[in-house]
Amino acid sequence: MGKSIIEKIWDRHIVNEEVNKPDLIYIDLQYIHEVTSPQAFEGLRLKGRKVRRPDRTFATMDHNVPTVNRYFIEDDIARKQLEALEQNCKEFGIRLADLDSPDQGIVHVIGPELGLHSQG
């Protein structure tokens, strides 16, 4: 039986396979946002690492952006997460669609809308 499109994509990205262990795969395009990325960037700092392919990473301010009056963010944690994303993107050389960018939007939607795609 033939492989599904998901199986074909997965197979093209396998870096290492071991029995009874999860596959190690290469992610050729990554989208990030302000909610979970602060922890990831801190992990890189603690290990003395850089983002391997900042040119294949795209960040957007998403979850904490108000629908109305987007520049008035009342929640301190939300505002700090947005500020951290901006600083982390500067530090690690990652393209950021911030509040002023016409590319800013929902992280799970903007990739196809902007024509971003993998290099596979």
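For the structure itself, consult the block above.
Residues numbered from 1 in each chain as written. Predicted model: local features only at pLDDT ≥ 70, side-chain atom pairs only at ≥ 80, totals over all residues. Heavy atoms only, no water.

## Some words on the packing of helix α2 (residues 37-47) against helix α3 (residues 76-92)
Line of reasoning, step 1. Contact geometry for α2 and α3: axes closest at 10 Å, N-to-C directions at 40°. With respect to their mutual orientation, α2 and α3 come out oblique. Taken as a pair, α2 and α3 cross one another with a handedness that is left-handed. Here α2 contributes Ser37, Pro38, Phe41, Leu44 and Arg45 to the contact with α3, which in turn contributes Ala84, Leu85, Asn88, Glu91 and Phe92.
Line of reasoning, step 2. Partitioned by chemical class, the residues of the contact of α2 with α3 number six nonpolar, two polar and two charged. (Axes fitted to C-alpha atoms, helices over the stretch in contact; angles between N-to-C directions. Helix = DSSP H or I, 4+ residues; strand = E, 2+ residues; numbered from the N terminus. Parallel < 35°, antiparallel > 145°, perpendicular 65-115°, else oblique. Left-handed = near helix turned anticlockwise from the far one by under 90°. Contact = heavy atoms within 4.5 Å. Nonpolar A, V, L, I, M, F, W, Y, C, P; charged D, E, K, R; others polar.)

## Section: the pattern of salt bridges
Opposite charge on two side chains makes pairing possible when the charged atoms of those side chains draw close.
Line of reasoning, step 1. Going through the model one piece at a time under the given rule, you end up with seven salt bridges.
Line of reasoning, step 2. Lys3 is paired through a salt bridge with Asp11; the nearest N and O atoms lie 2.2 Å apart.
Line of reasoning, step 3. By relative accessible area, Lys3 is classed as partly exposed at 47%.
Line of reasoning, step 4. With a closest N to O distance of 2.8 Å, Arg45 and Glu91 form a salt bridge. Linking Arg45 in helix α2 with Glu91 in helix α3, this pair joins segments that are 46 residues apart in sequence. (Salt bridge = Lys/Arg side-chain N within 4 Å of Asp/Glu carboxyl O. Buried < 20%, exposed > 50% of the residue type's maximum accessible area, 1.4 Å probe, protein only.)

## Points about the sheet that holds strand β3 (residues 30-32)
Line of reasoning, step 1. In spatial order, the strands read β3-β4-β5; together these three strands make up an open sheet with parallel pairing. Single-partner strands in this sheet number two, and they are β3 and β5 (95-97). Neighbour-to-neighbour, the strand axes of the sheet open up by a mean angle of 25°, direction not taken into account.
Line of reasoning, step 2. Of the strand pairs in this sheet, strand β4 (residues 57-60) and β5 are connected by three bridges, and their pairing is parallel. Bridge pairing in β5 places Phe58 opposite Arg95. (Pairing = 2+ DSSP bridges.)

## Some details on the side chain of Thr60
Line of reasoning, step 1. For Thr60, the location among the structural elements is in strand β4.
Line of reasoning, step 2. For Thr60, the side chain forms a polar contact with the main-chain oxygen of Ala97, separated by 3.4 Å.
Line of reasoning, step 3. Sequence-distant contacts of Thr60, defined by excluding residues within four places in its chain, comprise Ile32, His33, Glu34, Leu85, Leu96, Ala97, Gln104, Gly105, Val107 and Ile110. (Polar contact = N/O pair within 3.5 Å; in protein donor to acceptor, adjacent residues only side chain to side chain.)

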